[in-house]
Amino acid sequence: MVFEKLLKKIVFRSHATSESLISHLRKQGVEIGDNTCFFYPHNVHIDATRPYMLKIGSNVQITRDVSILTHGYDWSVLKGAYGDVLGSCGKVEIGNNVFIGFGATILKGVTIGDNVIIGAGSLVTHDIPANTVAAGCPCKPIMTLFSITRSAKLHNWMRHTNNMHAGDLLMKERPSP
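Notes on the structure follow.

## Brief notes about the side chain of Ser 122
So, point 1. Position of Ser 122 relative to the elements: it lies in the loop between strand S11 (116-118) and strand S12 (123-124).
So, point 2. Engagement of the side chain of Ser 122 in a polar contact is seen with the backbone oxygen of Gly 119, the distance being 2.8 Å.
So, point 3. Apart from the residues within four sequence positions on either side, Ser 122 is in contact with Gly 103, Ala 104, Thr 105, Ala 134, Ala 135, Gly 136 and Cys 139.

## Concerning the sheet that holds strand S10 (residues 111-112)
So, point 1. Within the open sheet, the 4 strands sit side by side as S1-S4-S7-S10. Their pairing is parallel. With partners counted over all chains shown, the strands left at the sheet margins are strand S1 (31-32) and S10, one partner each.
So, point 2. Relative to strand S7 (residues 92-94), strand S4 (residues 54-56) runs parallel, the two sharing 3 bridges. Bridge pairing links Lys 55 to Glu 93 in S7.

## A short note on the side chain of Thr 132
So, point 1. Residue position: Thr 132 is located in strand S13 (residues 132-136).
So, point 2. Classification of Thr 132 as buried rests on a relative accessible area of 8%.
So, point 3. Residues within four places of Thr 132 in sequence aside, it is in contact with Asn 115, Val 116, Ile 117, Pro 141, Met 143, Thr 144 and Leu 145.

## Regarding the sheet that holds S13
So, point 1. A sheet is described by the order of its strands in space; here 6 strands give the open sequence S2-S5-S8-S11-S13-S14, paired in mixed fashion. Strand pairing shows two members of the sheet lacking a second neighbour, strand S2 (37-38) and strand S14 (139-144), which therefore form its edges.
So, point 2. Summarising the sheet, S11 and S13 pair through 2 bridges and their orientation is parallel. By the bridge assignment for S13, Ile 117 is matched with Val 133.

## Things to note about the nonpolar core
So, point 1. Counting 29 residues, the largest nonpolar core has Ile 94, Ile 112 and Ile 118 as its most contacted members.
So, point 2. Among the secondary structure elements, those contributing two or more residues to this core are helix H2 (18-28), S4, S7, strand S8 (98-100) and S11.
So, point 3. It is H2 that contributes the most residues to this core, 3 residues altogether.
So, point 4. With near-sequence residues (within four places) excluded, Ile 118 lies in contact with Phe 99, Ile 100, Gly 101, Ala 104, Ile 112, Val 124, Ile 128, Ala 134 and Cys 139.

## Looking at a nonpolar patch on the surface
So, point 1. Taken together, the side chains of Leu 78, Tyr 82 and Leu 86 define a hydrophobic patch exposed on the protein surface, amounting to about 330 Å² of accessible area.
So, point 2. Note on placement: Tyr 82 falls in helix H3 (residues 75-82).
So, point 3. A relative accessible area of 64% places Tyr 82 in the exposed class.

## Overview of the pattern of salt bridges
So, point 1. Inspection of the entire model under this criterion finds 2 salt bridges.
So, point 2. A salt bridge links Glu 31 to Lys 55; the nearest nitrogen and oxygen atoms lie 4.0 Å apart. Placement of Glu 31 in strand S1 and of Lys 55 in strand S4 is noted, with a sequence separation of 24 residues between them.
So, point 3. For Glu 93, the salt bridge identified is with Lys 91, shortest N-O distance 3.4 Å.
So, point 4. A relative accessible area of 26% places Glu 93 in the partly exposed class.

Calculation notes
- Residues numbered from 1 in each chain as written.
- Predicted model: local features only at pLDDT ≥ 70, side-chain atom pairs only at ≥ 80, totals over all residues.
- Heavy atoms only, no water.
- Helix = DSSP H or I, 4+ residues; strand = E, 2+ residues; numbered from the N terminus.
- Polar contact = N/O pair within 3.5 Å; in protein donor to acceptor, adjacent residues only side chain to side chain.
- Contact = heavy atoms within 4.5 Å.
- Pairing = 2+ DSSP bridges.
- Buried < 20%, exposed > 50% of the residue type's maximum accessible area, 1.4 Å probe, protein only.
- Core = buried A, V, L, I, M, F, W, Y, C linked by side-chain atoms within 4.5 Å.
- Patch = residues over 30% accessible without salt bridge, like charges linked within 9 Å, V, L, I, M, F, W, Y side chains within 5 Å.
- Areas by Shrake-Rupley, 256 points an atom, 1.4 Å probe, with all protein chains shown as cover.
- Salt bridge = Lys/Arg side-chain N within 4 Å of Asp/Glu carboxyl O.

Here's what the structure looks like:
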């Protein structure tokens, strides 16, 4: 086990563990909140070329093969067509209590609100509002967080208990923000 940890540290360097990646990104100037976790830190790409343009909130969970980009190379096409080099970058902000699914890509200029689930394989090209579940290419809100919670509670009720009436569960009011 000790040998495995040492080997990971040698091979993956700052990407060996979630803690080492977060420490590395913070040293570069990326703002990252508490309790943020990279499940496979050696399999994520965090664009820190402009660290002041990236903010990741607290309680954010980032899975394998996720890319977060604050710039693009679209300028190279403009240079080839018109001879001009026009920089292309944008701030990326990820709110608190966010889950980013396997293989998602977040492009420059995007803000993801608090309490958001981003589905696996999503391409996030526009802002995602708080309290939503979003997925797709391009990524779009597909339901509210409340809807998925209510659905999961009903499913659990149907499978495990007879102590509550389905109507009571479905009629519970949405908690105020």
